[in-house]
Each structure stands twice: as C-alpha cells, then as structure tokens.
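# Coordinate analysis (summary)
What follows is the residue order along each chain.
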Amino acid sequence: MYKEIKKICCIGAGYVGGPTMAVMAANNPDIKFTVVDINKQKINLWNSKDLDELPIYEPGLSELIKKNRGKNLFFSSDIESSIENADMIFISVNTPTKTKGFGAGFASDLKYVESSAKEVAKYSKGHTIVVEKSTLPVKTALTIKSILTAYQEKGEHKGKSFDILSNPEFLAEGTAIINLQNPDRVLIGGDNKNSIETLKGIYMNWVDECKILTTDLWSSELSKLISNAFLAQRISSINSISALCEATEANISNVSKAVGMDKRIGSEFLNAGPGFGGSCFKKDISNLIYICKHYGLEDVARYWENVILLNKWQQRRISKIIVDKLFGNLSDKRIAIFGFAFKSDTNDTRESPAINICRDLLDEGCFLSIYDPKVSSSQIKRELSLHENVRNSDQNNLLWEKNSNLYEAAKNSDALVVLTDWVEFKSADLKKIFNIMNYPSWIFDTRDIINPEEASSIGFNIWKLGNGFYS
Ligand code: UDX
Ligand code: UDX
C-alpha cells in the first residue's frame, strides 16, 4: 500500500535542505513543504521579504522562493508541530567531522542526526517515512532505525511506525537549482518497496523515471561518499599535474583538454586550481578513510588519505610561490585577494582554499585587501580569526579589509591573487588595475581567469597555476 503524501517536513534549512525543498515544492504543488531549523535567525532570514537577505546565495533560488513561499513552501521554527503533521520527513542537518574523541579529525559527528531522529520519534504520528538527505557514513540508517524502533516499542508511543530511506543529494553549490531541476540521477535506497515507490513518485513529477535508481540502503549511503571521493580525487590528480606542468613548461589547460577529450575520462572536473574546498569533499573522504580503517583496510585508507594531503600541499605550495616571487618578503606589502568563496556563485566559505592561503600570507606580515561579490566581511572575519595560536582576533582584524569592488581591492596593492573563479574577474579592466597598483605589479592566477599575454603586455608580472610559460 502506498502512502499518500500531503505534508513533508525537512529538518535543516541549510545549503542542502533549503534549495532541495524549494525545487521539490515547485514541482509538487499539491504537497505542503515545511522546512524547520533549530537556528531561529536562519528561519527568519528564509522568511525575509527582501530576497537578498536569504541565508544562502544560489542562482535561481530567490525566484523559486518568491514564487512558492507561503503557498506550498514554508520555513518555520515550530519543529514539533511540523514533525507531528508530516507524512514524510527529510533529515538534512549537518554532519561535521568530529573534533575530539574517537575518530577525531576523520569520523562524522552524528549528534545532530541522532537528535533529529529522537525528535521524529517523539513528535511524529502514525506512519512516517524518514528520509536521510544528509551525507552520512555507511550504516547510519541503522542508528536512525534503532532510535525510532526504541521509541516505537515504548508503550506510550504505540501506533507509530517508520520506514527509513536514504536519498543522498548530489547538488553542487552555485548550480544547486539546475542540478536539482535536472539531476544526473536520483538515488533512493531502502528496504521497503512501497516507501521507495512513494518517494519515487514525488521525483517523477519532474525527473525521468530512467534517471531514478533504487538500491538497498547501504549501497545508497556508500555511493554518495564514493561519488564525492572520486570527484575530489580528480581534482587532486589534475592539481598534482599542474605542478609538473610548471616545472616542464607545459600548460595544464592544454593537458586537461587533451586528456578530457578521451570519452572514458570525460572533460568535466579537470580544472586545476588552489585545491578543493566546500563542506563535503574533505569531510566525506575523511569519513571514507575512517570507515576503511575500521574494517582493517589500511592500504585503502592510505590511498584516499593522499587525496587530502595533495589538496593541502597545493594550497601551501601556492602560498610559498607568492612569497618567493615577492622576494621572500611580504612585510609592508599589500596584497589584493580576488575571491574568498570556495567556488563561484556561492557565498559559502567552508574549507575554502582562500582561508589557508590568506592565513599563510598574513603570517608573512602583509596586509590583505579582499574582494568577493557574495561573501560578507563577518564571514571572512570568522574564517580568518580561527588562527588564534598565531594572533588573537583583534590583532588579526587589523591586517585585512573587505572591499566593495575589485578595483578598490587592487588600489595601492603590490600583488593580486585570484582565488575564486567568479566570472566578473574575467572582464576586469587590467589596464585600469595596473595603473592603480604599486610597481612592480604581480598577478597570481590560480583559476585560469587572467589572459597572461594581455597582462604581461600591459606590464604585469604574471604567474599562472599550471602554466610553465608563466611560472
Ligand atoms: C550539511 C552537510 O554539510 C552535508 O554533508 C550533508 O549532506 C547535509 O548537511 P548543508 O545543508 O550544507 O549540508 O549544511 P548547513 O548549511 O550547515 O545546514 C544544516 C542545517 O541544519 C543548519 O541550518 C542547522 O542549524 C540545522 N540543524 C542542525 C537543525 O535544524 N537541527 C539540528 O539538530 C542540527
Ligand atoms: C560537491 C559535489 O560536486 C556534489 O555532487 C556534492 O553533492 C557536494 O559536494 P560542491 O562542494 O558544492 O559539490 O562543489 P563542486 O563544484 O564539487 O566544487 C568543489 C571544489 O572543487 C570547489 O572548491 C571547486 O572550486 C573545486 N573544483 C571543482 C576544482 O578545483 N576543479 C574542478 O574542475 C572542479
């Protein structure tokens, strides 16, 4: 028997929960979607009249919110009644890497998943389908199941029943709405065929059935981790070759193009850069490493460990090159940072390579003028302040400023460093920039944004990542 779904609740109004529910609601006008979050301020922002105030920036998101908010899409802090009324509940809370205890630095901290499962157990009524949306270590569904079953068995909670599905989200930030609207695949893992079909029915309102893959729970959970691990591995692979290109006068863009034209390899995700950032790659590979070690697969764990090590190395390597090119001395120098987000089209800075590179440069004694079209200065402050063993945050805040455009950032600087692939950097007026910078003026381009021939003809010294002719 299929369950008729009238109301859906999503716990967690973050980068995953918010856009996912917005797209689901747009495609399922007869279902009421309520997104809840323990962070009341975040819910207020999701409800703000001014759509520029939404807590996350994603192209196309504000249009969807404008269209559906208040109709069949709601953001609420009333967690209890939203759970109580829901036929289906998505768990989309964060699963950060543990910072202490067993598995610190590798294992996922499941405390938020656990507390969400407890809330579901407590407040839900009748039969509820619980869907894991967060990326979780394999077999987390078991944890959720055992919490729900424990409550179910308690006399006072009689009449409740649950099914658990894994439905990992593959969206990438910056393209979340496009990815959700037109996914490569939708993966649904579970034990109960009816529940799987029920969720599948919701997706079939806009996704072709042939793209919806159904599996067992464990395979679904593992597939998400492995997809992220493979993507991150590609970036570390191409970044390792960027260093080789610099040493041998080859050009990484040409190599990526040639390699990617092989259909078996494919052309996407082969852009060399300052290393991968974002909330998922490092966390998910760390998790994979932890799981491998747990099962005694030390060699497999070591293989994946190198993907993370290479990523750190790439960032450190870039910092070192900047220092070396500027005569080994950054004190009294002003460096313009173009881009602080971990990639373009998002305001997210989690694990952004800009954080480590900016900290390295600050440690060398320079002043940073930072421009990013979407990242707020409070966010930059938060990220750069987490370095208290070197400087306290008051000292730190005297060493950088956030500028409102790229020319303001470049003014009177000795070098500019491109760290995020924002498209507006491509059309920067290099002549204008050259005229307002100090001389000699350096450009360090880690994202293949600046035309090196043009820059050097204007008079810049230019270093381009992975380009042996400009290294
Ligand atoms: C996060 C993880 O990073 C990702 O791996 C996972 O797949 C989904 O969750 P994201 O949406 O980007 O992705 O996280 P975040 O933006 O931090 O949003 C999580 C939200 O859950 C936060 O707004 C937080 O306040 C909320 N939350 C957390 C709850 O509502 N209840 C809790 O108990 C804990
Ligand atoms: C990733 C996965 O792509 C997505 O499927 C999953 O659901 C969540 O994790 P996200 O982290 O949002 O998404 O962005 P992604 O586009 O994958 O970029 C991650 C990092 O890799 C960024 O720092 C980006 O700049 C970098 N990157 C990406 C490269 O350096 N080169 C590339 O070719 C692609």
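So, a few notes on the structure that sits alongside this text. All values reported here derive from a predicted model rather than from experimental measurement. (Residues numbered from 1 in each chain as written. Chains lettered and ligands numbered in written order. Predicted model: local features only at pLDDT ≥ 70, side-chain atom pairs only at ≥ 80, totals over all residues. Heavy atoms only, no water.)

### A word on the overall build of the chain
- Looking only at helices and strands, one finds 18 helices and 14 strands in the chain.
- In summary, the chain has a C-alpha radius of gyration of 24 Å against a globular reference of 23 Å for 471 residues, a match within 12%.
- Along the first, second and third principal axes, the C-alpha set of the chain runs to 75 × 50 × 45 Å.
- When each of the 471 residues of the chain is scored for burial, the buried share is 53%.
- Summarising the internal contacts of the chain: among those between residues at least 6 apart in sequence, 74% fall at separations of at least 24.
- For the chain, the accessible area works out to roughly 21,500 Å², and carbon and sulfur atoms hold 51% of it.
- Both charge centroids of the chain, one from 57 positive and one from 58 negative side chains, sit 2 Å from each other. (Helix = DSSP H or I, 4+ residues; strand = E, 2+ residues; numbered from the N terminus. Rg over C-alpha atoms; globule rule 2.2 N^0.38 Å. Buried < 20%, exposed > 50% of the residue type's maximum accessible area, 1.4 Å probe, protein only. Contact = heavy atoms within 4.5 Å. Areas by Shrake-Rupley, 256 points an atom, 1.4 Å probe, with all protein chains shown as cover. Lys, Arg positive; Asp, Glu negative; His and termini not counted. Charge placed at Lys NZ, Arg CZ, Asp CG, Glu CD.)

### Focus: the pattern of salt bridges
- As enumerated under the stated definition, the model contains 19 salt bridges in all.
- Taking the shortest distance from any N to any O, the salt bridge between Glu-173 and Arg-350 comes out at 3.5 Å. Of this pair, Glu-173 sits in the loop between strand S6 (161-166) and helix H7 (176-181) while Arg-350 sits in the loop between strand S9 (334-338) and helix H13 (353-363), and the two are 177 residues apart along the sequence.
- You can call Glu-173 buried: its relative accessible area is 8%.
- Given a relative accessible area of 33%, Arg-350 falls into the partly exposed group.
- In this structure, the salt-bridge partner of Asp-299 is Arg-302, at a minimum N-O distance of 2.7 Å. (Salt bridge = Lys/Arg side-chain N within 4 Å of Asp/Glu carboxyl O.)

### Here's the deal with the sheet that holds strand S4 (residues 88-91)
- Here we have 8 strands laid out as an open sheet, ordered S3-S2-S1-S4-S5-S6-S7-S8, and mixed in their pairing. Edge strands, defined here as strands with exactly one partner in the open sheet, are strand S3 (73-76) and strand S8 (212-215). With direction set aside, neighbouring strand axes in the sheet form an average angle of 25 degrees.
- Bridging between strand S7 (residues 186-190) and S8 involves 4 bridges; their strand directions are parallel. In the strand pairing of S8, Val-186 is matched with Ile-212.
- Across the sheet, helix H5 (residues 111-123) touches strand S1 (7-11), S4, strand S5 (127-132) and S6, and the angle it forms with S4 is around 165 degrees.
- Across the sheet, helix H9 (residues 217-248) lies against S5, S6, S7 and S8, angled at about 140 degrees from S7, the strand it touches most. (Pairing = 2+ DSSP bridges. Axes fitted to C-alpha atoms, helices over the stretch in contact; angles between N-to-C directions.)

### Thoughts on the environment of Ser-81
- Among the structural elements, Ser-81 can be located in helix H4 (residues 79-85).
- Take Ser-81: its relative accessible area is 26%, and that puts it in the partly exposed class.
- Here the alpha-carbon distance between Ser-81 and Ile-357, two residues 276 residues apart in the chain, equals 45 Å.

### A word on the packing of aromatic side chains
- Within this structure, the stated rule accounts for 12 aromatic pairs.
- Taken together, a centroid distance of 4.7 Å and an interplanar angle of 5 degrees make the contact between Trp-46 and Phe-75 stacked. Placement of the pair is Trp-46 in helix H2 (residues 40-46) and Phe-75 in strand S3, with a sequence separation of 29 residues.
- Relative to Phe-444, the ring of Trp-442 has its centre 5.2 Å away and its plane inclined at 10 degrees; by these criteria the two rings are stacked.
- Here Trp-442 falls in the buried class, since its relative accessible area comes to 12%.
- Taking the relative accessible area as the measure of exposure, Phe-444 reaches 0% and is therefore buried.
- Taken together, the ring pairs in this structure connect Phe-230, Tyr-303 and Trp-304 into an aromatic cluster.
- Across from the ring centre of Phe-74, 5.1 Å away, lies the NZ or CZ of Lys-32, which sits over that ring.
- The residue whose ring lies beneath Arg-185 is Phe-170, and the NZ or CZ to ring-centre distance is 3.6 Å. (Phe/Tyr/Trp six-rings, centres within 6.5 Å; stacked < 30°, edge-to-face > 60°. Lys NZ or Arg CZ within 6 Å of the ring centre and 35° of its normal.)

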